[in-house]
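Tertiary structure, described
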Amino acid sequence: MSNKGGLAGLIVADIQTSLVNGEEGKLVYSGYTIEDLAQNALFEEVVFLLHHVRLPNKAELEETRSKIAQNAAIPDAIIQMMKNTPKETPAMAVVRTATSMLSSYDADAENLTDKDVAREKALRMTGQVTTICAAWNRIRSEQDPIAPRTDLTLAQNFIYMLTGQEPDKTASDAINVYLVLLAEHGMNASTFTSRVITATGSDMHSAVVGAIGALKGPSHGGANAEAMKMFIEIGEPDNVEDWFKTNIKEGDRRIMGIGHRVYKAPDPRAAILKQHAQRLAASSGNSKWFEIADRLENAARHDDYFIERKLFPNVDYYSAIVLYTLDLEIDMFTPLFVMARMAGWTANIVDQMQGRLIRPKAQYVGPTGLSWTPPDER
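The structure reproduced in this document is the subject of the present report. (Residues numbered from 1 in each chain as written. Predicted model: local features only at pLDDT ≥ 70, side-chain atom pairs only at ≥ 80, totals over all residues. Heavy atoms only, no water.)

1. Comments concerning the overall build of the protein
When its secondary structure is counted, the protein shows 17 helices and three strands. A compact globule built from 378 residues would reach a C-alpha radius of gyration of about 21 Å, and the protein, at 22 Å, matches this within 12%. Principal-axis analysis of the C-alpha atoms gives the protein an extent of 70 × 55 × 45 Å. Counting contacts in the protein only where the partners sit at least 6 residues apart, residues at least 24 apart contribute 76% of the total. (Helix = DSSP H or I, 4+ residues; strand = E, 2+ residues; numbered from the N terminus. Rg over C-alpha atoms; globule rule 2.2 N^0.38 Å. Contact = heavy atoms within 4.5 Å.)

Structure representation (C-alpha cells):
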C-alpha cells in the first residue's frame, strides 16, 4: 500500500505572505488579520502587501491599481482562440489555455531572474487573467467581450466586463471582499505547485498555469461549485432537514464546503462571506439560497459527528452563495478563485525564484529481485 498522506505536517518553505492558524481559526496576510483587510482593503492593496510585505501608501496604491488596469487588455489572438473554442468547454480549461498563451505576447516572459521585472509581470497577469475570465463568460453566451477600463479597480472592472454597465457598488464590493479573502492561504496545493515549477528555473506563466491546473480539482478550487450544486439539489429551505437525514445521517454523502484540511476551528473567511451572502440575499430579494445554506450549517453544527470532528463551513461554503446571487454561472466560480489567488501565487513565485530545486524523496514499496523473461514465457 502506497503512502498518500499528502505531506501533512511537513514544512517545505519559509514564507512571509500568510500565516494560517488552523487550531485557532486565524488567517493573517503579512501581519494583518483577514478580518481587518476584508473590512477595509482593496484587492490591489493586498496584491502590493503580499509582494512587498507592507501596505502601499496612497500613491503606491494608485500606481498598483493603474498598472493592473492599464495592462489588463489581452491580445486579439487570445480572444479569437476563445471564440473558436467549443462553448461547452469547462471555464477553467479555457482560463488555463488562455493564460498559457499570454506568454507568447509578453516580452519579459522568459526573464527568469530579475525579481523587479517579475513583479511587473505579476501585475500584468493579474489584470489579464481577470479579462480572460470575463471575456469567456460573454463569448460562450454569444456576446462580444468588453475591453477593460483604465479608471476602475479590478473588482469593478470585472463587473463592467461582464455586464457592459457601470459596476453596481454592492456587487463590486462583494467581489472585492471575495478577492481579498481568497488571495493567499499558506502552502496550499496550487501555491506549492507554483513554487515547485518555479524552483526548476521555469517561467512565471508556466508556474501560474500549473497552479491553475491544481486549483481546477474539486478537492481544491472546485469545491465552491460543488457546494452550489448541493444547494440546488436541496432546492428549498424546507427540504434541508430531510436532505440532511437521508443523505448525511443515513447515507454516505459529504456536505460540500464543510470541513477543511487545516482549520479545526471556524474558518474566519467563511464568517465574513456569510455576512456578505446575507446582505446580497436581502438586496437581491432572493434569500432562498442563503436560507438553505444557513439551515444546513445549523443542522451540521448541532450534530455529534460534525461537533466531534470539528467540522465547520469553509471559505467555499458561503462563497458559493455570494457568487451565485451575483448571477454567475457555477463553472465560473473557480475562475474567480484564480483571479484572487493570482496575488498569492505570483508573490510566492517571485519569492521562490532562484531557489533550490524542490526534490522530495519517495519510498519505494514495489517488488524487488525480479528477472526479465521473454514475452512468450510470461
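And the narrative resumes.
2. What about the sheet that holds strand β3 (residues 32-33)?
Strand order in the open sheet made by the three strands is β1-β2-β3, with antiparallel pairing throughout. Strands at the two margins of the open sheet, each flanked by one partner only, are β1 (18-21) and β3. With two bridges connecting them, strand β2 (residues 26-29) and β3 associate as antiparallel partners. Bridge pairing in β3 links Y29 to Y32. (Pairing = 2+ DSSP bridges.)

3. Description of empty space enclosed by the protein
What the rule picks out here adds up to one cavity of 30 Å³ or more. Roughly 50 Å³ of volume is contained in the largest cavity. Forming the boundary of the largest cavity are I68, A69, A72, G127, T130, L152, T153, L154, N157 and M161. Taken together, the elements giving at least two residues each to the lining of the largest cavity come down to α3 (58-70), α6 (115-139) and α7 (154-163). Per element, the largest residue contribution to the lining of the largest cavity is three residues, and it comes from α7. Its residues assigned to classes, the lining of the largest cavity shows six nonpolar, four polar and no charged. (1 Å grid on protein atoms, 1.4 Å probe; cavity = no way out; pocket = protein on both sides within 12 Å on 5 of 7 lines; lining within 4 Å. Points joined across faces, edges and corners; volume = space filled by probe spheres on them. Nonpolar A, V, L, I, M, F, W, Y, C, P; charged D, E, K, R; others polar.)

4. Let's talk about a nonpolar patch on the surface
Among the surface-exposed residues, L7, L10, V12 and M187 lie close enough to one another that they form a single nonpolar patch of about 340 Å² accessible area. By secondary structure assignment, the location of L10 is in the segment before β1. (Patch = residues over 30% accessible without salt bridge, like charges linked within 9 Å, V, L, I, M, F, W, Y side chains within 5 Å. Areas by Shrake-Rupley, 256 points an atom, 1.4 Å probe, with all protein chains shown as cover. Salt bridge = Lys/Arg side-chain N within 4 Å of Asp/Glu carboxyl O.)

5. Considerations on the pattern of salt bridges
Applying the stated criterion across every chain yields a total of 23 salt bridges. Here E60 ties to R54 by a salt bridge, and the two come within 2.8 Å at their closest N and O atoms. Taking relative accessible area as the criterion, E60 reaches 18% and is therefore assigned buried. Across the salt bridge formed by R301 and E297, the nearest N and O atoms sit 3.2 Å from each other. Of this pair, R301 and E297 both sit in helix α14 (residues 288-301), four residues apart, roughly one helical turn. E297 sits in the buried class, given a relative accessible area of 8%. One salt-bridge network, in which partners are shared between bridges, spans K274, D294, E297 and R301. (Buried < 20%, exposed > 50% of the residue type's maximum accessible area, 1.4 Å probe, protein only.)

6. Remarks on the packing of aromatic side chains
Scanning the model with the defined rule gives six aromatic pairs in all. Between W289 and Y324, the aromatic rings sit 5.6 Å apart at their centres with planes inclined by 90°, giving edge-to-face as the arrangement. Placement of the pair is W289 in helix α14 and Y324 in helix α16 (residues 315-325), with a sequence separation of 35 residues. Among the residues examined, W289 registers a relative accessible area of 11% and is labelled buried. The interplanar angle of 80° and the centroid separation of 4.9 Å between the aromatic rings of Y317 and Y318 together place this pair among those described as edge-to-face. For the pair Y317 and Y318, one class covers both residues: buried. Aromatic rings pair up to connect F231, F290, Y317 and Y318 into one cluster. Above the face of the Y160 ring, R149 is positioned so that its terminal group lies 5.0 Å from the ring centre. (Phe/Tyr/Trp six-rings, centres within 6.5 Å; stacked < 30°, edge-to-face > 60°. Lys NZ or Arg CZ within 6 Å of the ring centre and 35° of its normal.)

7. Re the layout of surface pockets
The volume enclosed by the largest pocket comes to roughly 1400 Å³. As for the largest pocket, its lining consists of 40 residues, of which M187, N188, A189, R261 and V262 are closest to the centre. Going through the elements one at a time, β1, α9 (189-199), α16 and α17 (333-352) are the ones with two or more residues in the lining of the largest pocket. Among the elements that line the lining of the largest pocket, the one with the most residues is β1, at three residues.

8. As for the packing of helix α5 (residues 91-102) against α6
Two quantities define a packed helix pair, namely the angle between the axes and the distance from one axis to the other. As a packed pair, α5 and α6 sit with axes 10 Å apart at the nearest point and diverge in direction by 140°. Classified by the angle between their axes, α5 and α6 sit oblique to one another. Along this stretch, α5 crosses α6, giving a crossing that reads as right-handed. Counting all contacts with α5, which are made through A91, V94, V95, A98, T99 and L102, the residues of α6 involved are M125, Q128, V129, I132, C133 and W136. Of the residues belonging to the contact of α5 with α6, the class tally is 10 nonpolar, two polar and no charged. (Axes fitted to C-alpha atoms, helices over the stretch in contact; angles between N-to-C directions. Parallel < 35°, antiparallel > 145°, perpendicular 65-115°, else oblique. Left-handed = near helix turned anticlockwise from the far one by under 90°.)

Shape descriptors only; they carry no functional weight alone.
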